[in-house]
4 protein chains.
Amino acid sequence: MTNDFDIYERRESAARSYCRSFPTTFVKAQGSEMTDADGNTYIDFLAGCSSLNYGHNDPDMKSALIDHITADGIAHGLDMHTDAKAAFLTAYEEKILKPRGMDYKIMMTGPTGTNAVEAAMKLARKVTGRRNIISFTNGFHGMTMGSLSLTGNIGKRNGAGGGHLGDVTHLPYEHSMGEGVDTLQFIEAMLNNSSSGVDAPAAFIFEPVQGEGGLNAASDEWMQGVAKLAKEHGALLIVDDIQSGCGRTGTYFAFEKAGIEPDMITQAKSLSGFGLPFAALLIKPEHDIWKPAEHNGTFRGNTHAFVTGRVAIEKFWSDNAFQDELAAKSTVLTTALQEIADLIPGARLKGRGLMQGVDVGSGELASKICARAFEKGLIIETSGADDEVVKVLAALTIKDETFRKGLGLLLDATRDVLETNKIAAE
Amino acid sequence: MTNDFDIYERRESAARSYCRSFPTTFVKAQGSEMTDADGNTYIDFLAGCSSLNYGHNDPDMKSALIDHITADGIAHGLDMHTDAKAAFLTAYEEKILKPRGMDYKIMMTGPTGTNAVEAAMKLARKVTGRRNIISFTNGFHGMTMGSLSLTGNIGKRNGAGGGHLGDVTHLPYEHSMGEGVDTLQFIEAMLNNSSSGVDAPAAFIFEPVQGEGGLNAASDEWMQGVAKLAKEHGALLIVDDIQSGCGRTGTYFAFEKAGIEPDMITQAKSLSGFGLPFAALLIKPEHDIWKPAEHNGTFRGNTHAFVTGRVAIEKFWSDNAFQDELAAKSTVLTTALQEIADLIPGARLKGRGLMQGVDVGSGELASKICARAFEKGLIIETSGADDEVVKVLAALTIKDETFRKGLGLLLDATRDVLETNKIAAE
Amino acid sequence: MTNDFDIYERRESAARSYCRSFPTTFVKAQGSEMTDADGNTYIDFLAGCSSLNYGHNDPDMKSALIDHITADGIAHGLDMHTDAKAAFLTAYEEKILKPRGMDYKIMMTGPTGTNAVEAAMKLARKVTGRRNIISFTNGFHGMTMGSLSLTGNIGKRNGAGGGHLGDVTHLPYEHSMGEGVDTLQFIEAMLNNSSSGVDAPAAFIFEPVQGEGGLNAASDEWMQGVAKLAKEHGALLIVDDIQSGCGRTGTYFAFEKAGIEPDMITQAKSLSGFGLPFAALLIKPEHDIWKPAEHNGTFRGNTHAFVTGRVAIEKFWSDNAFQDELAAKSTVLTTALQEIADLIPGARLKGRGLMQGVDVGSGELASKICARAFEKGLIIETSGADDEVVKVLAALTIKDETFRKGLGLLLDATRDVLETNKIAAE
Amino acid sequence: MTNDFDIYERRESAARSYCRSFPTTFVKAQGSEMTDADGNTYIDFLAGCSSLNYGHNDPDMKSALIDHITADGIAHGLDMHTDAKAAFLTAYEEKILKPRGMDYKIMMTGPTGTNAVEAAMKLARKVTGRRNIISFTNGFHGMTMGSLSLTGNIGKRNGAGGGHLGDVTHLPYEHSMGEGVDTLQFIEAMLNNSSSGVDAPAAFIFEPVQGEGGLNAASDEWMQGVAKLAKEHGALLIVDDIQSGCGRTGTYFAFEKAGIEPDMITQAKSLSGFGLPFAALLIKPEHDIWKPAEHNGTFRGNTHAFVTGRVAIEKFWSDNAFQDELAAKSTVLTTALQEIADLIPGARLKGRGLMQGVDVGSGELASKICARAFEKGLIIETSGADDEVVKVLAALTIKDETFRKGLGLLLDATRDVLETNKIAAE
């Protein structure tokens, strides 16, 4: 395999994106390291945008998957019953739902986050008989027309080519109007005014930490406030935990500490544990009014993902050990990022748990830092409306040594860029 | 593994569907046979709704996939360059595009058919600056809000819960207004009348053979007519080849014989060859105006699917041998189905190639036949607005013996049901 | 008063239109004649687009109105009770509803046709809980966003500037697909196919004769067919009788002979009898579920129009004499138009009653004929998707002599234009 | 004429409303007094909801109108040139536009406020190529689907029966989030955040004083702020001056003192001066890109209203005398309303000029006061999201004596109700 990009130029659509930031051909990956065609190794602080929370090719999932395939296990069975699905559901019930006192039905939607979001939107409208859904500034929920209507980013919205992105009211996320402004109070005022023009909502949908929107982390109080408003206004509460879930913020679900009880929860990204396409919608039983196949799809419930997803649950979530590790790692991350932030006037930390980053004030600076980091062997990306946040999404399983090494590379890259900028300014 | 359904009852959403028709737990599958937890073996005439055109666990794809995983090949790499992607693209270019004189960019959309359809809709609107898209009666294009707006089925549309399904004009598919009626003429009249209220279309989208809509097969002339109308009216032509493609109707693309040149082609289902989630949108280069990441998604370009999809292309589409086999098998199928149709007054054959079935006149009868077939060891489903078509979607690779055996079971099941009905009527 | 157009150029919006076809300043009008600032007199075959069915300044209405104003009668009273309104309602009940065995509530909408149409759309959706409304090719129902969504004309639709014109299915009006095609059968097929993508309709709305769409006149059978379909599909039947009503086609309502019972009927244009802004929506009592002021407006029930409208009803509709006259005049009109049509290869008569015209095959020719007619002292306009119909909308009260004179001018104008064209072609 | 309500019960739609508050039949009106069928006289503090700013049957307008009708002046001429229109336009140019240094094209829309609003919305979208329009909490702009989408009131919105009210972003009007909250800052934050989900606006539309929304009066600074935001974001500024215009707030246009230059201004209500249906849209010349008849309508430019409207302009707006009177009257009003407010704990004055009222804290109390006032011979109504404001809309021409008498009745009515409430509470 030579590192030749002609085929992409010739045949892949201009929509491709990450390959532009990381211009090499990857051939292998283990844990938190990726290797390219030229034999270079990179530390991965992107982790498939939080789809590889347990790292690349986890050995236990890998062997379970190989065993499954070797034994001619079902690869595709539509949504028929399979041993793999039963085992996944059982593990999910035992290790995830029961210990948290949660009672949810699991809907195997098409294996993409956006499909889970679309299913949630449709169901919320069916359940309430209302059309309006409230989403939040800087929210990102997907690219299909329903999810895109919830998404704030203008660049993404323009992708609709003028298609209808309505039936959604976009309201301000916590802290989005300046630190002093209580956005909950604002939302409440709009909803309580019968002449506000904001129609009664079918649902509220929010991300506990906004992954694409700049690592904005909602406080427990804000999440509780939204939950309360939803209840008061007869709306369902949908938590989009696609990027923030599966341990990313320190607990399995990112809203656990807030003590809220969403009516629906979307999951995807790291749900398979192995990076395989997989998504699910958790639904409170009383809202599970779907007719059979009313929302269907060919790839509902990726069977290979059931296999690896089950291992992920059993391996990492059978007790509190993993969660405790995450707390320790989060502290390491905060400390390291603060050191970087201290180099840049006005910079500040964003996010929570292992979903943290530094708002460096401009997209240009953040992009330069990430580009320089890649030259140094670190895969890392930006986030935010203007790409102004350097975002660390390391695997949750990253070894301490690797983690510190990667953070060191990031610090070095930042220093390099600041130095270069300084020279250029002189 | 015991064949126990409690976990599904307890935890899986009511939206689940195929498991209701085939109430058993499958544990293994090879070629055209599936085995359940009790050791029963079934002939598979459903083939993952055309997602398993090359059968279950094809040995060559299987070994390539195991090799890839064993070697810590990339499982998830967002849309970064990987050796697996390069190899897939190269094979696709060499074996699929070049021999057919086709020039397309390939967009790795989210790995579901509906995502490819949504991307096509958005791009058509961007390219033309128009909003209206013309789709056809009995068309099925997916469950996310954009694709659902194109879909005709009232049950599926109701799933939107009152969400907006507009910006689409639904016009009659060939033969849908009765055999004598020229639907192209009707469509032309609507489009040429500047006061028809049908706004200038961004695109036409149709399935060459309607998989869910009842195996309605468009003639070459009708497809050519739609292509001509699209061109005359400045609209893009999108062919949804998700179910009908990958050899299902006898050629790789279902529209090949019609000689049309779609502006975009959606692919999914059997594209991975192995039943793995995978979808792509083919785009004529001049329309590939996406900005990087303007339509993005976490699971674009399932890497495992690149591996198996490449093998599928190389194994089955390097020469004409496979296509010749399909022609022979289609004849077998037609003959067998005619025998069944002859048993039922008014019944008629539908479809094309290995995408054929019998319209038995009522959903009730078709469902009974399928249920009885399952008791006899055959997995088969219905299709059509009222489920009135018994649809055969065997793997294209099914062995002659298995194929004939399955068709025999279907004939027997039909006879059983007709006999039972006769007795009941007496 | 000089005939000076500067003030219009300087101050009136470019949206103005009729003044472009008739470039003079009118200062006086009586019966079927209009006089301009230069003292020229014109025969009026436009009649305010059917808003002056009883001619200009009918002496009885005029004196009643002057009396009302002189006595300080209410000019504007919102929708409070007034003697003028009571008298109008009483006359309407006695002379219009009772003799026809009709039982309707009368809603005083804003005094424009489009407002009555919007009220009907809203009410139909409220009553049925459905959103889709079926309107017809070449239909014209008004320029506000609701009515515009029903309107077929592309030029008018473009006026929306990309605003949402959805929730409407445009289906073919009678004869619009060619003389041999049964459009009812087509509509029925679309509605009976549960996978057609045409959502269950809240209402059907049609004009018995399409005034702007080219004087297409629906047969009694077609109207009955639509009424039947509406009933079968749980949809309301709305007849838009704004241009075709008040005697224009030979009976008070244009659908009387068809024997159908619409759920709602829109009226405007000649309802005041005097050309004053006035509109109403007739509603079957069981559908009158409006809450007070749920659809309101400042000018509901123009009081001056109550005065003149009452006189119009009492004067013309107390017995059958007027209707008999109309039949006679219609025959005169048909004969004269046939003479014109005979001059033009391919020309054909359109319309019904005193709402007839000649389709001369091209908008260019029709416009030339109307322009030449104006030079000769006749006010007349075109109609149709491409302005291809020369449309006669004389006052129903036009004196025979004036009528024949006007028709003579039209014949002469046609001959002139044909002669000029002939010379140009040589 | 007997005061008999049977005909209304029998024949008028349940949508009727004002007649429910004032259950009598009016037969005559002069200046600020209305007389009913029983000979009772009422002082009119409603003035046709600001449609009768110059009182009922102003003698000069009355005689001009009678002269016009007597002379067979045009009553209806579609939008042809007439002497009456030319005279109106000339007066408007000379007395309204020129003295204020304003340069606008005048579009004669259909003769209702909602039609002018719809025309403005359509034109703003055409001019900018954008779809989103920003309107404000408690705004009221009309009942047709476009205008209704701008309107905040939930009761009115429900009238749409589920029809599409999208393509509008409802943002908070000044003071609507509590006195301390700077709503402009909020709006700016939403617009400047490229990921807010608020699409780039085609226009902002607001009422300088919200007539139906509770007499909320925007400060000059707020209006300037909105104007600035519109300019910065490439959006048009539409001022809906339908209820607040024609002198109602103390100047001809309600925004004059703010010194803003709207791109479009809607006028209706008192534009005819006489209560006749009439509306117009003022358009900055550079935005007047309408094609002829692109927004049309039968009753554009009510000719009778041209006659009275011209007299109104010449009589009241030829110099500053009238405006000075308004200032004096406003002071009288403020003083009297303060006396009333002082009776009610928490009550506060709302509005500006002769568009003032008292927020009495509850709709129930306000309604009781208005009902009691009517018993005493005063016609007055409530306003506000919950009808909590007692709103005085006297004619601007009301005689001092009548004004004081009416205000006295209102004070008495308030005292009566408070007394009764007090007794009931004991």
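Residues numbered from 1 in each chain as written. Chains lettered and ligands numbered in written order. Predicted model: local features only at pLDDT ≥ 70, side-chain atom pairs only at ≥ 80, totals over all residues. Heavy atoms only, no water.

The name an unreviewed UniProt entry assigns to chain A is Diaminobutyrate--2-oxoglutarate transaminase, from the organism Pseudooceanicola atlanticus. Under the heading Sequence similarities (unreviewed entry), UniProt records this for chain A: "Belongs to the class-III pyridoxal-phosphate-dependent aminotransferase family." (UniProt positions renumbered as here; feature names shortened; annotations may be inferred.)

Visitor: An account of the overall build of chain A is requested, with residue identities and associated values reported.
Guide: Counting its regular elements, chain A contains 14 helices and 18 strands. Taking 2.2 N^0.38 as the reference for a compact globule, 426 residues should give roughly 22 Å; the C-alpha atoms of chain A span a radius of gyration of 21 Å, in line with that estimate. Counting only C-alpha atoms, chain A reaches 60 × 60 × 45 Å along its principal axes. Residues classed as buried in chain A amount to 69% of the 426 residues present. Here the contacts in chain A between residues at least 6 apart in sequence split such that 72% fall between residues at least 24 apart. Of note, chain A has its 41 positive side-chain charges centred 3 Å away from the centre of its 56 negative side-chain charges. (Helix = DSSP H or I, 4+ residues; strand = E, 2+ residues; numbered from the N terminus. Rg over C-alpha atoms; globule rule 2.2 N^0.38 Å. Buried < 20%, exposed > 50% of the residue type's maximum accessible area, 1.4 Å probe, protein only. Contact = heavy atoms within 4.5 Å. Lys, Arg positive; Asp, Glu negative; His and termini not counted. Charge placed at Lys NZ, Arg CZ, Asp CG, Glu CD.)

Visitor: Give a detailed account of the interface of chain B and chain A, specifying residues and quantitative values.
Guide: Listed by partner, the interface residues are 108 residues for chain B and 108 residues for chain A. Taking both partners together, chain B and chain A bury about 9400 Å²; carbon and sulfur atoms supply 59% of that area. Among the residues chain B hides against chain A, the three largest losses belong to B:Arg11, B:His81 and B:Phe299. Together they make up 10% of the total. For the salt bridge of B:Arg10 with A:Glu93, the shortest nitrogen-to-oxygen distance reads 2.7 Å. For the pair chain B and chain A, the number of links is 55 residue pairs in polar contact (both at pLDDT 80 or more). Here the element with the most residues in the side of chain B that touches chain A is helix α5 (residues 83-97) of chain B; it accounts for seven residues. Across the side of chain B that touches chain A, the residue classes tally to 46 nonpolar, 34 polar and 28 charged. Relative to strand β1 (residues 25-30) of chain B, strand β4 (residues 81-82) of chain A is paired through two bridges, and the arrangement is parallel. (Buried area = accessible area lost by both parts, 1.4 Å probe. Salt bridge = Lys/Arg side-chain N within 4 Å of Asp/Glu carboxyl O. Polar contact = N/O pair within 3.5 Å; in protein donor to acceptor, adjacent residues only side chain to side chain. Nonpolar A, V, L, I, M, F, W, Y, C, P; charged D, E, K, R; others polar. Pairing = 2+ DSSP bridges.)

Visitor: Any chance you could break down the packing of helix α5 (residues 83-97) of chain C against helix α11 (residues 303-316) of chain C for me, citing the residues and the numbers?
Guide: Residue and element names in this part refer to chain C. The geometry of α5 relative to α11 is characterised by a closest axis approach of 8 Å and an angle of 30° between their N-to-C directions. On the basis of their axis angle, the class for α5 and α11 is roughly parallel. Here α5 and α11 pass one another in a crossing that is left-handed. The residues of α11 that touch α5, namely those facing Ala84, Lys85, Ala87, Phe88, Ala91, Tyr92, Lys95 and Ile96, are Thr303, Phe306, Val307, Gly309, Arg310, Ile313 and Glu314. In terms of residue class, the contact of α5 with α11 is built from nine nonpolar, two polar and four charged. (Axes fitted to C-alpha atoms, helices over the stretch in contact; angles between N-to-C directions. Parallel < 35°, antiparallel > 145°, perpendicular 65-115°, else oblique. Left-handed = near helix turned anticlockwise from the far one by under 90°.)

Visitor: Now, about the sheet that holds strand β1 (residues 25-30) of chain A: what can you tell me, with residues and values included?
Guide: Taken in spatial order, the five strands line up as β16(A)-β3(A)-β2(A)-β1(A)-β4(B) in an open sheet, and their pairing is mixed. Pairing within the sheet leaves two strands with one partner each, and these edge strands are β16 (378-379) of chain A together with β4 (81-82) of chain B.

Visitor: With reference to specific residues and values, describe helix α9 (residues 183-192) of chain A.
Guide: Residue and element names in this part refer to chain A. All buried positions along α9 are accounted for by Thr183, Leu184, Phe186, Ile187, Met190 and Leu191. Along the axis of α9, the buried positions cluster into a sector of 160°, meaning they face one direction only. Measuring from the side-chain oxygen of the N-cap residue of α9 to the backbone nitrogen of Leu184 gives 3.0 Å; that N-cap residue is Asp182. (Arc of directions from axis to C-beta.)

Visitor: Hey, could you go over the packing of aromatic side chains for me, with residue numbers and the actual values?
Guide: All names here are of chain C. Enumeration according to the criterion identifies 86 aromatic pairs over all chains in this entry. Arranged with centres 5.6 Å apart and planes meeting at 80°, the rings of Phe206 and Trp222 form a pair that is edge-to-face. Separated by 16 residues along the polypeptide, Phe206 in strand β8 (residues 201-206) and Trp222 in helix α10 (residues 220-232) bring together distant segments of the chain. Both residues of the pair, Phe206 and Trp222, belong to the buried class. (Phe/Tyr/Trp six-rings, centres within 6.5 Å; stacked < 30°, edge-to-face > 60°.)

Visitor: Describe the sheet that holds strand β2 (residues 33-36) of chain B, with residues and values.
Guide: The strands making up a sheet associate through hydrogen bonds between their backbones, and the pairing can be parallel or antiparallel. Overall, mixed pairing links the five strands, which are arranged β4(A)-β1(B)-β2(B)-β3(B)-β16(B) in an open sheet. Each having just a single partner strand, β4 of chain A together with β16 (378-379) of chain B make up the two edges of the open sheet. Pairing analysis gives three bridges linking β2(B) to strand β3 (residues 41-44) of chain B, with the strands arranged antiparallel. By the bridge assignment, B:Glu33 is partnered in β3(B) with B:Ile43.

Visitor: Explain the relation of the copies chain B and chain A to me, and be specific about the residues and the numbers.
Guide: Put simply, the two copies of the chain differ by a rotation about an axis and a shift along that axis. Superposing chain B onto chain A takes a rotation of 180° plus a shift of 0.0 Å along the axis, which leaves an RMSD of 0.0 Å. Such values leave the two copies arranged in the relation of a two-fold axis. Take the interface residues of chain B: 100% of them recur as interface residues in chain A, which is what a same-surface contact looks like. (Least-squares fit on C-alpha atoms with pLDDT ≥ 70 in both.)

Visitor: Could you give an account of the confidence of the model for chain A, with specific residues and numbers?
Guide: Note that predicted coordinates carrying low pLDDT should not be read in detail. On average, residues of chain A score 96 in pLDDT, and 99% of them reach the 70 mark or higher. Model confidence for the complex is summarised by a pTM of 0.96, with the ipTM given as 0.97. (pLDDT = per-residue confidence, 0-100.)

Visitor: Give me the pairing of strand β2 (residues 33-36) of chain C: which residues, what numbers.
Guide: All names here are of chain C. Taken together, the four bridges between strand β1 (residues 25-30) and β2 define a ladder with antiparallel strand orientation. Its bridge partner lying in β2, Ala29 is registered against Met34. Where β1 hands over to β2, the hairpin turn is made up of two residues, of which Gly31 adopts a positive phi near 55°. Remark: four residues form the turn of the hairpin made by β2 and strand β3 (residues 41-44), two consecutive strands paired antiparallel; Gly39 in that turn has positive phi of roughly 85°.

Visitor: Explain helix α12 (residues 321-341) of chain B residue by residue, including any values.
Guide: Residue and element names in this part refer to chain B. For α12, with 21 residues, the first-to-last C-alpha span of 30 Å sits near the 30 Å given by 1.5 Å per residue. Of the residues making up α12, those classed as buried are Phe322, Leu326, Lys329, Ser330, Val332, Leu333, Ala336, Leu337, Ile340 and Ala341. Buried residues along α12 sit in contact with α11 (303-316), β14 (348-352), β15 (355-359), β18 (389-392) and α14 (400-425). (Expected span 1.5 Å × (residues − 1).)

Visitor: Could you give me a rundown of the packing of helix α9 (residues 183-192) of chain B against helix α10 (residues 220-232) of chain B, with the residues and numbers involved?
Guide: All names here are of chain B. The interhelical angle for the contact between α9 and α10, taken along N-to-C directions, is 10°, at an axis separation of 10 Å. Classified by the angle between their axes, α9 and α10 sit roughly parallel to one another. Packed against α9, whose contacting residues are Thr183, Leu184, Ile187 and Glu188, the element α10 presents Glu221, Trp222, Gly225, Val226, Leu229 and Glu232 at the interface. When the residues that make up the contact of α9 with α10 are grouped by side-chain class, the tally is five nonpolar, two polar and three charged.

Visitor: Give me the environment of D:Gly159: which residues, what numbers.
Guide: Position of D:Gly159 relative to the elements: it lies in the loop between α8 (154-158) and β7 (168-171). Accessibility expressed as a relative area gives 0% for D:Gly159, which makes it buried.

Visitor: Could you give me a rundown of unusual backbone geometry, with the residues and numbers involved?
Guide: Residue C:Cys49 is not a glycine yet carries a positive backbone phi of 55°. Position of C:Cys49 relative to the elements: it lies in helix α3 (residues 47-50). Of note in the backbone geometry, D:Asn138 takes a positive phi value of approximately 65° without being a glycine.

Visitor: Residues and numbers for the side chain of C:Ser13, please.
Guide: By the secondary structure assignment, C:Ser13 is in the loop between α1 (6-11) and α2 (18-21). A polar contact is formed between the side chain of C:Ser13 and the side chain of D:Asp288, at a distance of 2.8 Å. When near neighbours in sequence (up to four residues on either side) are disregarded, C:Ser13 contacts D:Lys105, D:Ile106, D:Met107, D:Ile283, D:Asp288 and D:Trp290.

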